[in-house]
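Now for the letters of each chain:
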Amino acid sequence: ADVKPAVVVAAGATWKYSDTGASPGGDWTKLDSEEEAWKEGAAQLGYSDRDEATRLSDAADHYPTYYFRHAFEVRDPGSLKPLVLRLLRDDGAVVYLNGSEIVRDNMPEGAVVHGTFASSTTPSENGFYVHDLPADKLVAGTNILAVEVHQADAESSDVSFDLELREKVPGKDKVGPPP
């Protein structure tokens, strides 16, 4: 019988987001960061691709970076098998778990700031990029995923974001870009 992988964060989940064009400040990746001013909406979040569940602000000057936060509960991280973080991002993203960077996808090395552009445009705007994530990175209780999605350049016409975190399906989940 097929055993369904445990899903920790489902694709299409509801995320808090900041699409104001401003940097959210230094502690935004941490659980207790202030997010009262943040809006909330279901993924896919973005604009201009017509497949968004939540449409982000599409400024005339195209903000370089959009910010997303999602808190979730885990009872027993030790009971989970190795995980995959599946990331839909247009164009690049940095993913933080409980304040620590866990994934950097299509982004330059070194410090990433609000004005940092992605390394390139993305060849797949609707596919999920797959990354391994050890389950022991999670804590028992409340965890926070924080994601910053960066445009490739100031002329970028669209932005897209969704994320799924679930147990890895051996033989099916291949780490890397979408097929």
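Read on for a plain summary of the structure. As the structure is a computational prediction, the values presented were derived from the model and not from experiment.

## Things to note about the packing of aromatic side chains
For step 1, the next point in the chain: Tallied over the full model, the rule gives seven aromatic pairs.
For step 2, the next point in the chain: Here the aromatic rings of W28 and Y67 are separated by 4.9 Å at their centres, their planes lie at 80 degrees, and the arrangement is edge-to-face. Here W28, found in the loop between β2 (14-18) and β3 (39-42), pairs with Y67, found in strand β6 (residues 65-74); they are 39 residues apart in sequence, far enough to count as distant.
For step 3, the next point in the chain: For Y67, a relative accessible area of 2% corresponds to the buried category.
For step 4, the next point in the chain: Between the aromatic rings of F68 and F161, the centroid separation amounts to 4.4 Å while the plane-to-plane angle is 20 degrees, which identifies the pairing as stacked. Residue F68 is found in strand β6, and its partner F161 is found in strand β12 (residues 159-167); the two are separated by 93 residues along the sequence.
For step 5, the next point in the chain: By relative accessible area, F68 is classed as buried at 1%.
For step 6, the next point in the chain: Using a relative accessible area of 0% as the deciding quantity, one classes F161 as buried.

## Notes on the sheet that holds β2
For step 1, the next point in the chain: One open sheet holds the six strands; their spatial order is β3-β2-β6-β11-β8-β9, and the pairing between them is antiparallel. Strand pairing shows two members of the sheet lacking a second neighbour, β3 and β9 (100-105), which therefore form its edges. Averaged over all neighbouring strand pairs, the angle between strand axes comes to 25 degrees, with direction disregarded.
For step 2, the next point in the chain: In the sheet, β2 pairs with β6 via three bridges, with the strands oriented antiparallel. Paired with Y17 across the bridge in β6 is F68.

## Here's the deal with the pattern of salt bridges
For step 1, the next point in the chain: Applying the stated criterion across every chain yields a total of eight salt bridges.
For step 2, the next point in the chain: Across the pair R104 and E101 runs a salt bridge, and its minimum N-O distance is 2.9 Å.
For step 3, the next point in the chain: Given the relative accessible area of 27%, R104 is considered partly exposed.
For step 4, the next point in the chain: Judged by relative accessible area, which is 38%, E101 ranks as partly exposed.
For step 5, the next point in the chain: A salt bridge links R166 to E164; its shortest N-O distance comes to 3.2 Å.
For step 6, the next point in the chain: For E164, a relative accessible area of 12% gives the class buried.
For step 7, the next point in the chain: Linked through salt bridges whose partners overlap, the residues forming this network are R86, E164, R166 and D173.

Conventions and cut-offs
- Residues numbered from 1 in each chain as written.
- Predicted model: local features only at pLDDT ≥ 70, side-chain atom pairs only at ≥ 80, totals over all residues.
- Heavy atoms only, no water.
- Phe/Tyr/Trp six-rings, centres within 6.5 Å; stacked < 30°, edge-to-face > 60°.
- Helix = DSSP H or I, 4+ residues; strand = E, 2+ residues; numbered from the N terminus.
- Buried < 20%, exposed > 50% of the residue type's maximum accessible area, 1.4 Å probe, protein only.
- Pairing = 2+ DSSP bridges.
- Axes fitted to C-alpha atoms, helices over the stretch in contact; angles between N-to-C directions.
- Salt bridge = Lys/Arg side-chain N within 4 Å of Asp/Glu carboxyl O.

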